[in-house]
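# Examination of the molecular architecture
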Amino acid sequence: MKQARKTPGRDRGQYSKAGGLGMWGVYRRPGKLPSDWRRWLPSPERYYRARVDRLGKPNGKGWAQGRCPLHDDSHESLSVNFQHGGWRCFAGCGCGDMVSFHERLTGKGFAEAARDLVEGRQ
Ligand SMILES: [Zn+2]
């Protein structure tokens, strides 16, 4: 359930409009995510900039380095990708997508973490 997201060429305009409830409210069911919920995730850059200390500029493939909030990081061990939202901590925290990062950061389960992101409750 945590495969890397592959959504090249997605419409970024939709993401910026999806802040807050957006269309999510239409599809909302208790405990249930719409099948296209990943469309409503916030922009990875906005999400990670709010959480990752000393996050630098992304390279040509969208990867930027910063201090990992999942462990006591004294260097910039965490790489996050502003294009697809993936992350990897080189100090051993693991890797995954934006939802798994939010799960780890907040201690929430997958569905709850996904709902946080989709609803803009970050
Ligand atoms: Zn880490």
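Our subject is the structure listed above.
Residues numbered from 1 in each chain as written. Predicted model: local features only at pLDDT ≥ 70, side-chain atom pairs only at ≥ 80, totals over all residues.

## What about the overall build of the chain?
If you tally the helices and strands in the chain, you get five helices and four strands. Listing the helices and strands of the chain from first to last along the sequence gives α-α-α-β-β-β-β-α-α. When the 122 residues of the chain are sorted by exposure, 23% land in the buried category. Considering only contacts within the chain whose residues lie at least 6 apart along the sequence, 40% involve residues at least 24 apart. (Helix = DSSP H or I, 4+ residues; strand = E, 2+ residues; numbered from the N terminus. Buried ≥ 20, exposed ≤ 12 C-beta atoms within 10 Å, placed from the backbone. Contact = placed C-beta atoms within 7 Å.)

## Description of the sheet that holds strand S3 (residues 87–89)
Spatial ordering of the open sheet is given by S1-S2-S3-S4, a layout of four strands whose pairing is antiparallel. Where the open sheet ends on each side, the last strands, each with one partner, are strand S1 (63–66) and strand S4 (94–96). For this sheet, the mean inter-axis angle between neighbouring strands, taken without regard to orientation, is 15°. Judged from the four bridges that link them, S1 and strand S2 (residues 78–81) form a sheet pairing that is antiparallel. Bridged to glutamine 65 within S2 is serine 79. (Pairing = 2+ DSSP bridges. Axes fitted to C-alpha atoms, helices over the stretch in contact; angles between N-to-C directions.)

## A closer look at the packing of helix H4 (residues 98–106) against helix H5 (residues 110–118)
Two numbers describe how H4 lies on H5: the axes approach to 9 Å, and their chain directions differ by 110°. Overall, the two elements H4 and H5 adopt an arrangement that is roughly perpendicular. Here Met98, Val99, His102, Glu103 and Thr106 of H4 come into contact with H5, specifically with Phe110, Ala113, Ala114, Asp116 and Leu117. Residue classes in the contact of H4 with H5 are distributed as six nonpolar, two polar and two charged. (Parallel < 35°, antiparallel > 145°, perpendicular 65-115°, else oblique. Nonpolar A, V, L, I, M, F, W, Y, C, P; charged D, E, K, R; others polar.)

## Some words on the nonpolar core
Judged by nonpolar contacts, the single largest core of 18 residues is most densely connected at Leu78, Val80 and Leu117. Broken down by secondary-structure element, the contributors of at least two residues to this core are S2, S3, H4 and H5. Element by element, the count of residues in this core is highest for H5, at four residues. Apart from the residues within four sequence positions on either side, valine 80 is in contact with Pro44, Tyr48, Val52, Ala64, Gly66 and Trp87. (Core = buried A, V, L, I, M, F, W, Y, C linked by C-beta atoms within 7 Å.)

## Considering unusual backbone geometry
Backbone geometry at arginine 54 places phi at a positive 55°, although glycine is not the residue there. Inspection of the secondary structure puts arginine 54 in the loop between helix H3 (44–49) and S1.

## Here we look at the environment of arginine 54
Accessibility expressed as a C-beta count within 10 Å gives 11 for arginine 54, which makes it exposed. Considered as a pair, arginine 54 and cysteine 68 are 14 residues apart in the sequence and their alpha carbons are 9.5 Å apart. In contact with arginine 54, not counting residues within four places along its chain, are Gly66, Arg67 and Glu76.

## So, the environment of leucine 117
Take leucine 117: it is sitting in helix H5. Spatially, the C-alpha atom of leucine 117 lies 8.0 Å from that of tryptophan 40, the residues being 77 residues apart in sequence.

## Concerning the pairing of S2
Side chains of S2 alternate between two faces, with Leu78 and Val80 and Ser79 and Asn81 buried alike. For S2 and S3, the ladder comprises three bridges, and the chain directions are antiparallel. By the bridge assignment, serine 79 is partnered in S3 with arginine 88. Between the antiparallel neighbours S2 and S3 lie five residues, among them glycine 85 with a positive phi of about 85°.

Keep in mind that these numbers describe shape and distance, not what the molecule does.
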